[in-house]
Amino acid sequence: MTIQVDVTTNRRQRPWSNRALFGRLLWGLCQPLFRFSPRVFWAWRVWLLRAFGARIGRGVHIYPTVRITIPWHLQIGNQVAVGDRAILYALGRIKIGARATVSQHAHLCAGSHDHSVASRPLLRDPIEIGSDAWICADAFVGPGVQIGDAAVLGARAVAMKDLPSRMTGIGNPMFVRARP
């Protein structure tokens, strides 16, 4: 059985309000202020994100090359680090717990489309990264996934399902094993 894609209906849908579209436009215009700030200007980038509605704790280090889609969907705890060229695709809410690390090139993707419906409507399933968790380099966390406290998602691993607390997820598809 094949599903007939309804491209016309998909394009007519308005998943964003005018206010959200205006906010995204303003955030896009402010990108140079974020992106070209010196590396050690942690407080400046946190202030800018807070100005756009992000809820961010103290002692947070977000590198200037991080790509953030919608800052008002971010909630970041104290002493979190988000590494170079990480992508926080925050179409839905992304919550990162205290002392968590999101390494370079990691991708947190809180948005997709429902492929089972012909019009492929936008889905904005939230992502939650637990306290003391580590999302290693180049790892991918899919929509609706929860990474537990002190869990480690290995380099280049793909998490399309939850990773329990104090466990390690490696590979694609993700293989879960106990942490040493």
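Residues numbered from 1 in each chain as written. Predicted model: local features only at pLDDT ≥ 70, side-chain atom pairs only at ≥ 80, totals over all residues. Heavy atoms only, no water.

Novice: Tell me about the packing of aromatic side chains, residues and numbers included.
Specialist: Inspection of the entire model under this criterion finds four aromatic pairs. An aromatic cluster of three or more residues is present, and its members are Trp27, Phe34 and Phe52. The aromatic ring of Trp16 is capped on one face by Arg24, whose charged end is 4.9 Å from the ring centroid. Here the guanidinium or amino end of Arg124 rests over the ring plane of Trp16, the centre of that ring lying 4.3 Å away. (Phe/Tyr/Trp six-rings, centres within 6.5 Å; stacked < 30°, edge-to-face > 60°. Lys NZ or Arg CZ within 6 Å of the ring centre and 35° of its normal.)

Novice: Give a description of the nonpolar core that names residues and reports values.
Specialist: Ranked by internal contacts, the top residues of the largest apolar core, which has 41 residues, are Leu108, Ile129, Ile135 and Ile147. The set of elements that each furnish at least two residues to this core consists of α2 (18–35), α3 (42–51), β4 (74–76), β7 (94–96) and β12 (127–129). Here Leu108 is in contact with Ile87, Leu88, Tyr89, Ile94, Ile96, Val102, Ile127, Ile129, Ile135 and Val141, once residues within four sequence places are set aside. (Core = buried A, V, L, I, M, F, W, Y, C linked by side-chain atoms within 4.5 Å. Buried < 20%, exposed > 50% of the residue type's maximum accessible area, 1.4 Å probe, protein only. Helix = DSSP H or I, 4+ residues; strand = E, 2+ residues; numbered from the N terminus. Contact = heavy atoms within 4.5 Å.)

Novice: An account of the sheet that holds β7 is needed here, citing residue identities and associated values.
Specialist: The sheet built from five strands is open, its strands ordered β1-β4-β7-β12-β15 with parallel pairing. In the strand order of this sheet, the two ends are held by β1 (55–56) and β15 (146–147), each with one partner. Relative to β7, β4 runs parallel, the two being bridged by three bridges. Counted as the bridge partner of Ile76 is Ile96 from β7. (Pairing = 2+ DSSP bridges.)

Novice: So, the pattern of salt bridges: which residues are in play, and what are the values?
Specialist: According to the stated counting rule, one finds three salt bridges in the structure shown. The partner of Arg99 in a salt bridge is Asp132, and the shortest N-O contact between them spans 2.8 Å. Note that Arg99 is positioned in the loop between β7 and β8 (101–102) and Asp132 in the loop between β12 and β13 (134–135), a separation of 33 residues in sequence. Here Arg99 falls in the partly exposed class, since its relative accessible area comes to 41%. The closest approach of N and O atoms between Arg156 and Asp138, which form a salt bridge, is 2.9 Å. Placement of Arg156 in the loop between β16 (152–153) and β17 (158–159) and of Asp138 in the loop between β13 and β14 (140–141) is noted, with a sequence separation of 18 residues between them. A relative accessible area of 33% places Asp138 in the partly exposed class. (Salt bridge = Lys/Arg side-chain N within 4 Å of Asp/Glu carboxyl O.)

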